[in-house]
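Structural overview
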Amino acid sequence: MDATNILPILKKRLAFLSGGKDRRSGLILTIPLCTEQTSMEELSSTLDYLLGIPSDKCKARGFTVIVDGRKSQWNIVKTVVLMLQNVIPAEVSLVCVVKPDEFWDKKVTHFCFWKEKDRLGFEVILVSANKLTRYIEPCQLTDEFGGSLVYDHIDWVNKRLVFEKFTKESSSLLDELVVINDSEKSSQLDKERPPDCNFLPSLDPETVLQTGHELLSELQQRRFNGAEGGGVAWSPMDDELLAQPQVMKLLDSLREQYTKYQEVCRQRSKRSQLEDIQTKVMQVVNWLEGPGTEQLRTQWGIGDSIRASQALQQKHEEIESQHSEWFAVYVELNQQIAALLSAGDEEDLVELKGLQQQLSDVCYRQASQLESRQNVLQSAHEFHGTAQDLSQQLDGLLGMLCADVAPADGAAIQQTLKHLEEKLKSVEGALVGLREKGQVLMDQMSNQTSWSYGKDVPIDNKDNVDHIQGVMEDMQLRKQRCEDMVDVRRLKMLQMVQLFKCEEDASQAVEWLGELLDALLKTHIRLGDDSQETKVLLEKHKKFVDVAQSTYDYGRQLLQATVVLCQSLRCSTRSSGDTLPRLNRVWKQFTVTTEERVHRLEMACSFHTAAEKVLVQASPDQGDLPVEVEQETYEEVETVGKALLDRLTVPVIFPDGSEQYFGSPGDMASSAEHIRDKMKLVEDRKLTLHEEDEEDEDIEQLPYQQLQYEQIHDQDEELHNDEELQDDQELHDEEIQDVDNELQDGEELELENETDT
């Protein structure tokens, strides 16, 4: 039964094979009942047609029939179920009756199916649509039952028509081809009689084969039902439904007969093809050995830059394009010769093999030259690219070397030096790569040969080799110059590191001097309790000054080294800066302070020496000395002591006008108090030893001292009025001071005598 005979009935979709399977791999037959009256004859015809599609093996697994009674009455459903017993009694395994939402009479339906169960030979179950998945997987159910299987009945019918049309056309074409091929065999027995070329098949074999291949492709892709990936699709005309095996069998038979038919046609045109092949082979050989080889002979340069090598590559691609056309002819001719050789005609084998060998030799030789040329151009492009990159790296390195170096500190210099070393290392690596690519390129060019009309023609690559070697030598020279400049820059940077170090150490020396000055002013305040201790302090002070002098000299040497390094580096913008003025300023302050310290210590030493002399001379075991000597010693103690006391109250005046005191006021007061105590001790010894003698003498000399004092004051006024006698001012002041001291001593002695009296 053909689909065309019952096409109107099939389109009604009274029953269909969706391609789904139950859990036993049995096919699912769906009978969708509608509200209208279903013709049992049409349904029976539809079932007969559908059941004729699967194979016996597929039928043996049994069918699961889904009777959709949701839109029908129970009587019709029962009739359809009973009809299945007559149509497919042995093939039905399970009948699932999909009941509507409003149930039928449960007692009636259950009783009827239970009663007819043994007679039917298959199981019938009532189930709602949403519980149908208990028996069948959702992916094997169509969407009307809540499944995901895609099924298009109209598309299935159309494809079924295509399948049946193909089977008819292919069977008819097979019969015609058999007749043609048999007639060709009989004609070959009589070689003098030409074959009948007018006897052709009524259908185009290519069209029929293409239709069959398309149909087979759809079957193999399981798209017979028109599914396009929207869900799980299944073809009811797959191998289990005999569609695919039938199509494959027909296609194999058709290809076999069509191959024989093609062989017949080839035999008919073999001689004309052979002549045509000979003509085309000579055309290919003559062009490749002539104009083609000449094109390659004129294109052996490698260019002097990337742009030039790219232009040569573009020109070579044009040459390859022209050769590709002839190579395509070669491939076609080679296929034709191979086809003729496969025919097995001994009289043509020698000639065909000679043509094939000649054509293959020429084409392979020309292709080898094209490939060799392409490799040379590719290597040349890489060589020029590497050379350009290396040149840019050298330019960048040279730019860094030519730029002024103005780092902020030693760390920046080290970073710059490291960057230079990395740049130089990268340049060295690029130069090694350039040499390797240049050597590869020269090796490839040395292996090149040209072939012209059957002869090897050597290629002169001297200019290319000279260019490659020239580029490598030039890069080597540039790299060497950069290395030399890097060495100079490295030395310069190391000098700058030394410069920064000298400046840093010089600043440190200034700080050390400042600390020494601060220590001198704050801690070096003792004057000693006696002359021996004062001398020890003087020695310590000299050592202290020596340390400061060494620090100052060290700072000066560092600054001198800084100047020398600046001159060597031609760094006019850098010099000692404010370090040298600060060093000199601190040193001057230190010098002024240490001079003041030395002066005070020397005065203290003189004071202690004189005081100790008085105290020793005045002791009972020494005896009395002459009054003149003893009086001078007293005066020295008093004069030096007062001068030292005055000195302690005077600050250190620096060259810039600033002032600074030794120690704190309490420290100075303690030192002054010690001096006063010693002066008083000397004075007490003097009064004790010369109390009686000095009393009278002091009383007698008192008027004379007052008169002398008045005369001195008169002279002092005259000196103030006379500008020419200003140089003697200090001498008169000292004399006045001495007289004042004597008057004070005399007044004190007189008061003491009066007190004793």
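See the structure shown above.
Values in this document were obtained by computation on a predicted structure and should not be read as measured data. (Residues numbered from 1 in each chain as written. Predicted model: local features only at pLDDT ≥ 70, side-chain atom pairs only at ≥ 80, totals over all residues. Heavy atoms only, no water.)

1. Describing the packing of aromatic side chains
Note the threshold: Pairing of aromatic rings covers Phe, Tyr and Trp, the last through its six-membered ring, and needs centres within 6.5 Å; plane angles under 30 degrees mean stacked, over 60 mean edge-to-face, and all others mean tilted. Helix numbering and strand numbering both begin at the N terminus, where a helix is a DSSP run of H or I of at least 4 residues and a strand a DSSP run of E of at least 2. Partly exposed residues are those whose accessible area sits between 20% and 50% of the maximum for their type, while under 20% is buried and over 50% is exposed, using a 1.4 Å probe and protein chains only.
All chains considered together, the criterion is met by seven aromatic pairs. Arranged with centres 5.4 Å apart and planes meeting at 15°, the rings of W287 and W326 form a pair that is stacked. Placement of W287 in helix α8 (residues 243-297) and of W326 in helix α9 (residues 306-343) is noted, with a sequence separation of 39 residues between them. Taking relative accessible area as the criterion, W287 reaches 16% and is therefore assigned buried. Take W326: its relative accessible area is 22%, and that puts it in the partly exposed class. Note on Y330 and Y364: the rings are 6.4 Å apart at their centroids and 75° apart in plane angle, and the pair reads as edge-to-face.

2. Side note on unusual backbone geometry
Outside of glycine, negative phi angles account for most residues, and trans bonds account for most peptide bonds. Phi angles above zero are rare outside glycine, and R13 is one such case at about 60°. Among the structural elements, R13 can be located in the loop between α1 (7-11) and β1 (16-21). Its identity as a non-glycine residue notwithstanding, S25 has a phi of 70°, on the positive side. By the element assignment, S25 lies in the loop between β1 and β2 (27-32).

3. Regarding the sheet that holds strand β4 (residues 92-98)
Two strands in a sheet stick together by hydrogen bonds in their backbones, pointing the same way (parallel) or opposite ways (antiparallel). Formally: Being paired, for any two strands, means DSSP has found at least two bridges between them. In this description, a line fitted to the C-alpha atoms serves as the axis of each element, helices being fitted only across the stretch in contact, and the angle between N-to-C directions of two axes falls anywhere from 0 to 180 degrees. Any two residues whose heavy atoms approach within 4.5 Å are treated as being in contact.
If you trace the five strands from one edge of the open sheet to the other, you get β1-β2-β3-β4-β5, paired in mixed fashion. Of all strands in the sheet, those bounded by a partner on one side alone are β1 and β5 (123-127). Between one strand and the next, the sheet's axes are offset by a mean angle of 25°, whatever the strand orientation. Pairing geometry for strand β3 (residues 63-68) and β4, over six bridges, is parallel. Counted as the bridge partner of D68 is V98 from β4. Here helix α4 (residues 74-87) sits on the sheet and contacts β2, β3, β4 and β5; the angle it forms with β4, its principal contact strand, is near 175°.

4. Re the packing of helix α12 (residues 462-522) against helix α13 (residues 531-569)
The following threshold applies: With respect to orientation, any angle under 35 degrees is reported as roughly parallel, any angle over 145 as roughly antiparallel, any angle of 65 to 115 as roughly perpendicular, and every other angle as oblique. The hand of a helix crossing depends on one turn: near helix anticlockwise from the far one by less than a right angle means left-handed, and clockwise means right-handed. In this classification, Asp, Glu, Lys and Arg are treated as charged, Ala, Val, Leu, Ile, Met, Phe, Trp, Tyr, Cys and Pro as nonpolar, and every other residue, Gly included, as polar.
Two numbers describe how α12 lies on α13: the axes approach to 9 Å, and their chain directions differ by 155°. Judged on the interaxial angle alone, α13 and α12 are roughly antiparallel. Note on packing geometry: the crossing formed by α12 with α13 is left-handed. The residue inventory of the contact of α12 with α13, partitioned by class, reads 20 nonpolar, seven polar and three charged.

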